[in-house]
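Inside the fold
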Amino acid sequence: MYYVIVDSTGNLIKSFDDERQARAMLERLVGEEPDAAEHLALLTYDEHGEPVGDAITFSAHAATR
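Below you will find a few notes about this structure. Predicted, not measured: the structure shown is a model, and the values here were computed from it. (Residues numbered from 1 in each chain as written. Predicted model: local features only at pLDDT ≥ 70, side-chain atom pairs only at ≥ 80, totals over all residues. Heavy atoms only, no water.)

1. Quick notes on the nonpolar core
Counting 13 residues, the largest nonpolar core has I5, F16, L26, L40 and L42 as its most contacted members. For this core, the secondary-structure elements that each account for two or more residues are β1 (2–7), α1 (19–32) and β3 (40–45). Among the elements that line this core, the one with the most residues is α1, at five residues. Each residue touching L42, except ones within four places of it in the same chain, is listed here: Y3, V4, I5, A22, R23, L26, D54, A55 and I56. (Core = buried A, V, L, I, M, F, W, Y, C linked by side-chain atoms within 4.5 Å. Buried < 20%, exposed > 50% of the residue type's maximum accessible area, 1.4 Å probe, protein only. Helix = DSSP H or I, 4+ residues; strand = E, 2+ residues; numbered from the N terminus. Contact = heavy atoms within 4.5 Å.)

Put into structure tokens, the structure is as follows:
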């Protein structure tokens, strides 16, 4: 599995091999720029490049902490 943070226009912000690191970066980005919360999402892909599950937004991430 790998994890990517993208903005609302689909631009890749950063990719990760570790979900915890990806979630921490999402939190850090929003902490640095609170207005970004509505424009960022965390996506998960399997080893074949296929999307897995739903996109995780900052509000969904914050609710699972």
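2. A word on the pairing of β3
In terms of burial, β3 is a largely internal element, five of the six residues being buried. Here β1 pairs with β3 via six bridges, running antiparallel. Bridging from a neighbouring strand, Y2 pairs with Y45 of β3. Where β3 lies against strand β4 (residues 51–57), four bridges are found, and the strand directions are antiparallel. Considered in β4, the bridge of Y45 is made with P51. Hairpin remark: β3 followed by β4, antiparallel, with five residues in the connecting loop; positive phi at G49, about 80 degrees. (Pairing = 2+ DSSP bridges.)

3. Some remarks on the sheet that holds β1
Spatial strand order, β2-β1-β3-β4: four strands in an open sheet with antiparallel pairing. The sheet is open, and its two edges are formed by β2 (12–16) and β4, each paired on a single side. Pairwise comparison of adjacent strand axes, ignoring direction, gives a mean angle of 20 degrees for this sheet. (Axes fitted to C-alpha atoms, helices over the stretch in contact; angles between N-to-C directions.)

4. Focus: the side chain of T44
Among the secondary structure elements, T44 is positioned in strand β3. Taking the relative accessible area as the measure of exposure, T44 reaches 12% and is therefore buried. Excluding residues within four positions of it along the chain, T44 makes contact with M1, Y2, Y3, E50, P51 and V52.

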